[in-house]
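This is what each chain is made of:
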Amino acid sequence: MSTGDWLPDGFSVRRIDTNGTRLSVAVGGSGPVLVLLHGWPQTSRAWARVMPDLARHHTVVVPDLRGIGDSDRPEGGYAKTQQADDIRGILTALDLTGPVAVAGHDIGSMVAFAWAAAHPEDISRLILVDSLLPGLGLEEAMNVAEGGMWHFGLFMTPHIPEMLFDGHELEFFTTTFTAMSNPGTFDDHDLAAYARAYTGRERLRGGFEHYRTLLDDGRENRALLAERKLPMPVLAIGSASSGTSTALALAPHADHVQGMVAPTGHFVAEEDPDWFTEAVTAFLA
């Protein structure tokens with residue numbers, strides 16, 4: 001999938017070898033470093049509407065996570081702490097020194113959170129956007145016997161979801177995106193672009209691998225948090241449906257947690273980029 005059709009002015013894309021794989025990374029702006037980590041089923045394109053404003057005061061680093069978009073799709077390495085090492089390697093390759101601010105959405109926030117827990121000295125400020133966190137409530141939220149979300153268990157199953165979704169990518173993503181966002185957020189061009197990024201069994205596998213480590217991620221997060229609290233300020237942004245649940249889950253494990261609720265569905269930065277940019281800019285200031 002070409003990044004050219006969405007990449008904001010002032011950004012360029014590099015392919016960077018890191019932690020045994022190769023990732024596609026968009027970089028632009030100047031000033032303190034801000035890393036943006038997308039979720040599933042998206043790519044770095046998810047941040048396109050906020051990248052220009054954020055780049056006015058920050059060096060903005062926007063990778064495709066391993067397995068997704070224009071990044072390589074290795075067999076393994078999808079544990080969230082291992083993906084944190086992917087991002088650490090990107091910063092080293094770009095000669096950017098920390099500590100840095102990081103914002104993650106959905107799966108990307110799980111990577112950001114694991115990074116902060118494993119290497120707190122790397123992170124100056126942590127922003128988590130409409131996310132469930134492994135080890136801090138995700139396991140309960142995916143318990144279908146208690147009314148939890150069905151998709152986690154399916155996506156964690158090897159081979160089966162690739163088989164079922166193959167040939168139905170656009171149909172499924174259109175249903176998912178429109179059900180979880182305010183009307184008009186995504187046009188046909190956006191939906192087609194995301195579907196292309198996940199079309200075919202190998203691209204689907206790269207996405208689902210992020211789910212297949214979640215139970216181990218939870219165990220690892222709990223072990224890391226047993227050693228120390230998160231020392232950096234944390235902003236947990238919820239949606240209209242999730243509210244402040246992530247902030248509440250984090251409160252016992254971090255010294256400084258602020259919760260906000262966006263006037264949006266799940267895709268905060270795309271549904272209301274002005275609100276997102278203002279909230280993030282104020283927190284980083």
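As the structure is a prediction and not an experimental result, all values here were calculated from the model.

Looking at the packing of helix α2 (residues 80-93) against helix α3 (residues 107-118)
Thinking step 1. Close contact between α2 and α3 brings their axes to 8 Å; oriented N to C, the two are set at 80°. Relative to α3, α2 is oriented roughly perpendicular. Of the residues in α3, those touching α2 at Lys-80, Thr-81, Gln-83, Ala-84, Ile-87, Arg-88 and Leu-91 are Ile-107, Met-110, Val-111, Ala-114, Trp-115 and Ala-118.
Thinking step 2. By residue class, the composition of the contact of α2 with α3 is nine nonpolar, two polar and two charged.

Quick word on the pairing of strand β4 (residues 59-63)
Put simply, side chains in a regular strand alternate between the two faces of the sheet.
Thinking step 1. Across the five residues that make up β4, a large majority, five, are buried.
Thinking step 2. Neither face of β4 is exposed, since Thr-59, Val-61 and Pro-63 on one face and Val-60 and Val-62 on the opposite face are all buried.
Thinking step 3. Bridging between strand β2 (residues 21-29) and β4 involves five bridges; their strand directions are antiparallel. Note that in β4 the partner of Val-25 across the bridge is Pro-63.
Thinking step 4. As paired elements, strand β3 (residues 33-37) and β4 share three bridges and run parallel to each other. Bridging across to β4, Leu-34 finds its partner in Val-60.

Observations regarding empty space enclosed by the protein
Thinking step 1. This model, assessed by the stated rule, comprises one cavity of 30 Å³ or more.
Thinking step 2. Estimated volume of the largest cavity: approximately 60 Å³.
Thinking step 3. Surrounding the largest cavity, Ala-46, Trp-47, His-105, Val-129, Phe-267, Val-268, Ala-269, Glu-270 and Phe-276 form its lining.
Thinking step 4. Top element by residues in the lining of the largest cavity is helix α12 (residues 268-271). It accounts for three residues.
Thinking step 5. Classifying every residue of the lining of the largest cavity by side-chain character gives seven nonpolar, one polar and one charged.

Conventions we followed
Residues numbered from 1 in each chain as written. Predicted model: local features only at pLDDT ≥ 70, side-chain atom pairs only at ≥ 80, totals over all residues. Heavy atoms only, no water. Axes fitted to C-alpha atoms, helices over the stretch in contact; angles between N-to-C directions. Helix = DSSP H or I, 4+ residues; strand = E, 2+ residues; numbered from the N terminus. Parallel < 35°, antiparallel > 145°, perpendicular 65-115°, else oblique. Contact = heavy atoms within 4.5 Å. Nonpolar A, V, L, I, M, F, W, Y, C, P; charged D, E, K, R; others polar. Buried < 20%, exposed > 50% of the residue type's maximum accessible area, 1.4 Å probe, protein only. Pairing = 2+ DSSP bridges. 1 Å grid on protein atoms, 1.4 Å probe; cavity = no way out; pocket = protein on both sides within 12 Å on 5 of 7 lines; lining within 4 Å. Points joined across faces, edges and corners; volume = space filled by probe spheres on them.

So yeah, pure geometry; function would need other evidence.
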